Amino acid sequence: MIKVAINGYGTIGKRVADAVSKQKDMQIVGVVKRTPDYLSRIAAQKHKLYVSDDSGLKTFDESGIKVHGTVKDLLNGCDIVIDATPEGMGDQNKALYRKHNVRAVFQGGEKETVADVSFNAYANYDEARGKTFVRVVSCNTTALMRSLYPIYSELGIKKVNATLVRRGTDPNDHKKGPMNAIEPSFSFPSHHSIDAKTIIRDLNIDSMALKVPTTLMHTHVVLVDLAKQASAKEVLDLWEKYKRIKLFNSKDGYKSTAQIMDFAREIGRERSDLFELAIWKDSAHVNSGTLSYIQAVHQESIVVPENVDAIRAMTGDTSKEDSIRITDSTLGIA
Ligand code: NAD
């Protein structure tokens with residue numbers, strides 16, 4: 001059993017904790033919370049709770065929430081930690097992980113330099129083998145890798161141009177925005193295409209991004225100049241082979257991200273998570289060698305399967321295919 005700790009139990013951390021709990025070869029030995037809020041009370045019913053520093057022992061005790069120690073105690077009893085603390089904090093935590101001699105999986109809010117390798121299960125599982133520090137790339141980069149890697153590996157890519165329409169914030173947040181505006185990113189290319197190259201180093205890709213007032217999903221408009229000629233149907237058939245891609249047809253009523261998230265609710269997914277990348281089947285066209293398509297990304301959950309696979313790649317000898325198959329079947333990705 002691989003003993004897994006979760007440091008940072010928010011949007012990503014709580015989902016990875018639940019996903020790891022479903023794996024037969026892994027166990028959650030504890031999760032770290034900082035504030036004694038409603039989420040801490042719920043977390044304490046599912047997992048052993050630890051606090052981020054000594055002062056937390058007192059505040060949690062005063063709130064009547066049982067804790068088992070601090071993050072340092074937890075690190076003494078685990079093989080690997082999932083760092084899902086807010087952006088930039090993972091880099092600060094790295095020295096602590098090193099001191100306690102535990103491996104760590106960081107998230108996409110951290111810089112590439114935090115880890116030995118940036119990770120996407122389809123594209124570079126084997127590069128994470130035996131590594132001490134791995135970074136699962138962001139939700140947007142994971143989504144780009146999911147649809148682009150099959151094309152890159154089987155048809156070849158001359159050039160990608162992606163426009164990312166990003167959600168303003170997550171559904172459980174009331175502080176970020178925009179609330180009634182569209183906010184372009186003025187750096188070119190946006191950091192997403194730079195991040196994509198941490199996985200496929202020779203990918204010729206540029207991206208632009210803007211934020212809009214929605215919390216459901218990100219949406220990407222992608223143009224790919226194909227190296228080898230292919231029809232839209234051939235590309236769709238290729239994507240069909242990858243379970244972490246789910247094709248939706250607007251003619252079935254999937255007119256927007258609202259219905260795609262409703263699908264996840266209706267099939268009974270916990271927290272209405274959609275781990276798969278959604279691609280609108282009828283958005284795929286090929287014109288003069290350029291493939292165009294539109295995809296939607298459930299930002300809160302798309303990186304969850306990759307975190308589970310990163311743990312296996314770093315700690316054992318499970319093959320890429322086996323790990324992906326096990327993760328998918330335990331998470332209901334069919
Ligand atoms: P979040 O704010 O929802 O959760 C972070 C949690 O860490 C919070 O519960 C916070 O209280 C806790 N925390 C803060 N300081 C801490 C400390 N010192 N020790 C332990 N816990 C502490 O953030 P998130 O959205 O889960 O993001 C985590 C990481 O995942 C970031 O790198 C982010 O960029 C990345 N990510 C986020 C999304 C998304 O859409 N939310 C998607 C993919 C990747």
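Before any of the text, the structure's been laid out above.
Source: prediction; values computed, not measured. (Residues numbered from 1 in each chain as written. Predicted model: local features only at pLDDT ≥ 70, side-chain atom pairs only at ≥ 80, totals over all residues. Heavy atoms only, no water.)

**With respect to the overall build of the protein chain**
So, point 1. The helix and strand inventory of the protein chain stands at twelve helices and 15 strands.
So, point 2. Since a compact globule built from 334 residues should have a radius of gyration of about 20 Å, the 20 Å found for the protein chain is in line with a globular shape.
So, point 3. The dimensions of the protein chain, computed from C-alpha atoms along their principal axes, are 65 × 45 × 40 Å.
So, point 4. Looking at the protein chain as a whole, 55% of its 334 residues are labelled buried.
So, point 5. A separation threshold of at least 6 residues defines the contact pool for the protein chain, and within that pool the share at least 24 residues apart is 71%.
So, point 6. Split by element, the accessible area of the protein chain, about 15,100 Å² in all, is 49% carbon and sulfur.
So, point 7. Charged side chains of the protein chain number 46 positive and 42 negative; the gap between the two group centres comes to 1 Å. (Helix = DSSP H or I, 4+ residues; strand = E, 2+ residues; numbered from the N terminus. Rg over C-alpha atoms; globule rule 2.2 N^0.38 Å. Buried < 20%, exposed > 50% of the residue type's maximum accessible area, 1.4 Å probe, protein only. Contact = heavy atoms within 4.5 Å. Areas by Shrake-Rupley, 256 points an atom, 1.4 Å probe, with all protein chains shown as cover. Lys, Arg positive; Asp, Glu negative; His and termini not counted. Charge placed at Lys NZ, Arg CZ, Asp CG, Glu CD.)

**Re the packing of aromatic side chains**
Aromatic ring pairs are defined here through the distance separating the ring centres and the angle between the ring planes.
So, point 1. Applying the stated criterion across every chain, the model contains eight aromatic pairs.
So, point 2. With centroids separated by 4.7 Å and ring planes inclined at 75°, the aromatic side chains of Phe 248 and Tyr 254 adopt a geometry described as edge-to-face. Note on accessibility: Phe 248 and Tyr 254 belong to one class, buried.
So, point 3. Among the aromatic residues, those joined into a ring-pair cluster are Tyr 97, Phe 106 and Phe 133.
So, point 4. It is Arg 244 that lies over the ring of Tyr 122; its NZ or CZ is 6.0 Å from the centre.
So, point 5. Sitting over the face of the ring of Phe 248, Lys 246 holds its NZ or CZ atom 5.8 Å from the ring centroid. (Phe/Tyr/Trp six-rings, centres within 6.5 Å; stacked < 30°, edge-to-face > 60°. Lys NZ or Arg CZ within 6 Å of the ring centre and 35° of its normal.)

**What to know about helix 5 (residues 89-99)**
So, point 1. Restricting attention to buried positions, one finds in helix 5 the residues Gly 90, Asn 93, Lys 94, Leu 96 and Tyr 97.
So, point 2. Taken together, the buried residues of helix 5 touch strand 1 (2-7), helix 4 (71-76), strand 4 (80-83), strand 5 (103-106) and strand 7 (133-136).
So, point 3. Looking at the residues trailing helix 5, positive phi occurs at Asn 101, about 60°.

**Points about the site of the ligand**
So, point 1. Taken together, 21 residues form the shell around the ligand, and within it Thr 11, Ile 12, Gly 109, Arg 167 and Asp 170 come nearest.
So, point 2. Note that an oxygen atom of the ligand is positioned 2.9 Å from one of the backbone N or O atoms of Ile 12.
So, point 3. With respect to the ligand, the backbone of Gln 299 contributes an N or O atom lying 3.5 Å from an oxygen atom.
So, point 4. Relative to its unbound accessible area of 820 Å², the ligand is 82% covered by the protein chains.
So, point 5. The set of elements that each furnish at least two residues to the shell around the ligand consists of helix 1 (11-21) and strand 2 (26-33).
So, point 6. Three or more residues apiece are contributed to the shell around the ligand by two domains, here domain 1 (2-137 + 303-331) and domain 2 (139-297). (Near = heavy atom within 4 Å. Polar contact = N/O pair within 3.5 Å; in protein donor to acceptor, adjacent residues only side chain to side chain. Domains from an automatic or database assignment.)

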